[in-house]
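Architecture at a glance
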Amino acid sequence: MNLKKFFIILPLVGASFSASAEGLSETKQATTFQFTTEVSRTVEKDLMEVNLYSRKLGKSLNSLKNEVSANLNKVLDIAKQYPDIEVQADGILNRVNYNDKGKVEGWVAEGYINLKSKNFTSIEKVLENLGNDVAINNIGFSVSPETMKALEDEMTLAVIKQFQHKAEVVQKGLNAKSYQLVDVQLNTPNGVDNRYDIRPMMAMAKSASYATEEMPLEAGKETISATASGRVEFK
C-alpha cells in the first residue's frame, strides 16, 4: 500500500467534512416563526331584507292561486314606486290540506316576495300598505356588498402592515439581521359571505298597523375582521 497517497487523501476528506458541517451550521441559524394578526372594524348594517308571503286555504286550487297572485301583485305594484328596492318574487306553491284526522280538506296556496334595500324608509312605506292578506315572514339586516368591498382594500393594507410590524418586533427580540416572509395567507372581507341577522315575525298580520308595530327597524352593527397568517424566517 502506498502510504503517501493515503495521507494525501485524508486531508481532502477532512476538508470536505468541515465544509459540510459549516453548511449545516448556516442552515440552522435560520429561525422560523408562525403567527397570525387580525384587524377589525365595526360598521352599521346598512342592508335590509324582508320576506313577505300570502297564503290561502280552500277547495278550488285555481281560485286560491289567483287570490294569492292578486295579493302579491298589489305589493309588487307598490314596491315598483321605489327604484331603490330590489324585488324578487318566488312564485306560488301549493299543497294538499289535511284535517286532524288525516283526510283531505282542500288546498293550500302560498307565494313569497323578497324585498331588499339600503333605504329602510322605502321598505317601511311598502310594509305600511300590506293590507290584511300579505304578512311578514322575517326581516334581516346585514352589511351591504358595497360597504364590504369598500372595507376590503383598507383592511387588507391594515392587516398586512400589522403582520409586518409583528415580524419586525420578533426580529428585534431575536436580534436577527433580516427576515423573509415564507408563506402568508390573507382572509379579508369580499362582499360575498354576508351574514344576515334574521328576525322571524308573527305568522299572519291582522292589519298593516299590527305589522308595523311588531316590526323591528333597528339594524344594529356588525364587526368585520381580516386576518393574515403565515410563516416568517429570521436570520
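Computed from a prediction, not measured in an experiment: that's the story for all the values here.

Under the definition given, this model contains 5 aromatic pairs. Each member of the aromatic cluster is reached from another via a ring pair, and the members are Phe33, Tyr179 and Phe234.

Right, let's talk about the pattern of salt bridges for a bit. Tallying each qualifying case throughout the model produces 7 salt bridges. Between Glu110 and Arg95 there is a salt bridge whose closest N-O contact spans 3.1 Å. Highlighted residues: Glu110 in strand 4 (residues 104–117) and Arg95 in strand 3 (residues 86–98), separated in sequence by 15 residues. Residue class for Glu110 comes out buried when judged on its relative accessible area of 9%. Residue classification places Arg95 among the partly exposed positions, given a relative accessible area of 41%. Each member of the salt-bridge network shares a partner with another, and the members are Arg55, Arg95 and Glu110.

Attention now moves to the sheet that holds strand 1 (residues 31–44). Here we have 3 strands laid out as an open sheet, ordered 1-8-6, and antiparallel in their pairing. Each end of this open sheet is capped by a strand with a single partner; those strands are strand 1 and strand 6 (179–187). This sheet shows a mean twist of 20° between the axes of neighbouring strands, independent of strand direction. The sheet contact formed by strand 1 and strand 8 (residues 221–234) spans 14 bridges and is antiparallel. For Thr36, the partnering residue across the bridge sits in strand 8 and is Ser229. The strands that helix 4 (residues 145–174) touches are strand 1, strand 6 and strand 8; relative to strand 1, the one it contacts most, it runs at about 145°.

Chain-level pLDDT for the chain is 81 on average; 76% of the residues reach the 70-or-more range. Low pLDDT (under 50) marks residues 12–26, which in the prediction has 0 contacts with non-local residues, meaning those over four places away or in another chain. Low pLDDT, under 50, characterises residues 191–196; the predicted model gives this stretch 17 contacts beyond four residues in sequence or across chains.

With that settled, the discussion passes to unusual backbone geometry. Not every positive phi belongs to a glycine, and Asn175 is a case in point at roughly 55°. Assignment of secondary structure puts Asn175 in the loop between helix 4 and strand 6.

With that settled, consider helix 4. Along its 30 residues, helix 4 runs 42 Å from first to last C-alpha, staying within 8% of the 44 Å computed at 1.5 Å per residue. Remark: the principal bend of helix 4, roughly 30°, maps to Glu152. Turning to helix 4, its buried residues number three or more, namely Met148, Leu151, Glu152, Met155, Thr156, Val159, Phe163, Ala167, Val170 and Gln171. Looking at the buried residues of helix 4, the elements they touch are strand 1, strand 6 and strand 8.

Before going further, it helps to examine the pairing of strand 5 (residues 135–142). Of all 8 residues that make up strand 5, 6 are buried, and the element is covered over most of its length. Here strand 2 (residues 47–58) pairs with strand 5 via 7 bridges, running antiparallel. Across the sheet, residue Leu52 finds its bridge partner in strand 5, namely Ile136.

All right, on to the nonpolar core then. Where a protein is soluble and globular, its nonpolar side chains tend to be buried together. Ranked by size, the top nonpolar core spans 24 residues in total, and within it Val50 and Leu52 carry the most contacts. Of all the secondary structure elements, the ones that give two or more residues to this core are strand 2, helix 2 (61–79), strand 4, helix 3 (120–127) and strand 5. The dominant element in this core, judged by the number of residues it contributes, is helix 2, at 7 residues. Beyond its immediate sequence surroundings of up to four residues, Val50 is in contact with Ile113, Asn114, Leu115, Ile123, Leu127, Ile136, Asn138 and Ile139. Counting residues in hydrophobic clusters, the runner-up holds 17 residues, among them Met148, Leu151, Val170 and Phe234.

Thresholds applied
Residues numbered from 1 in each chain as written. Predicted model: local features only at pLDDT ≥ 70, side-chain atom pairs only at ≥ 80, totals over all residues. Heavy atoms only, no water. Phe/Tyr/Trp six-rings, centres within 6.5 Å; stacked < 30°, edge-to-face > 60°. Salt bridge = Lys/Arg side-chain N within 4 Å of Asp/Glu carboxyl O. Helix = DSSP H or I, 4+ residues; strand = E, 2+ residues; numbered from the N terminus. Buried < 20%, exposed > 50% of the residue type's maximum accessible area, 1.4 Å probe, protein only. Pairing = 2+ DSSP bridges. Axes fitted to C-alpha atoms, helices over the stretch in contact; angles between N-to-C directions. Contact = heavy atoms within 4.5 Å. pLDDT = per-residue confidence, 0-100. Expected span 1.5 Å × (residues − 1). Bend = angle between axes of the 7 residues up to and from the residue. Core = buried A, V, L, I, M, F, W, Y, C linked by side-chain atoms within 4.5 Å.

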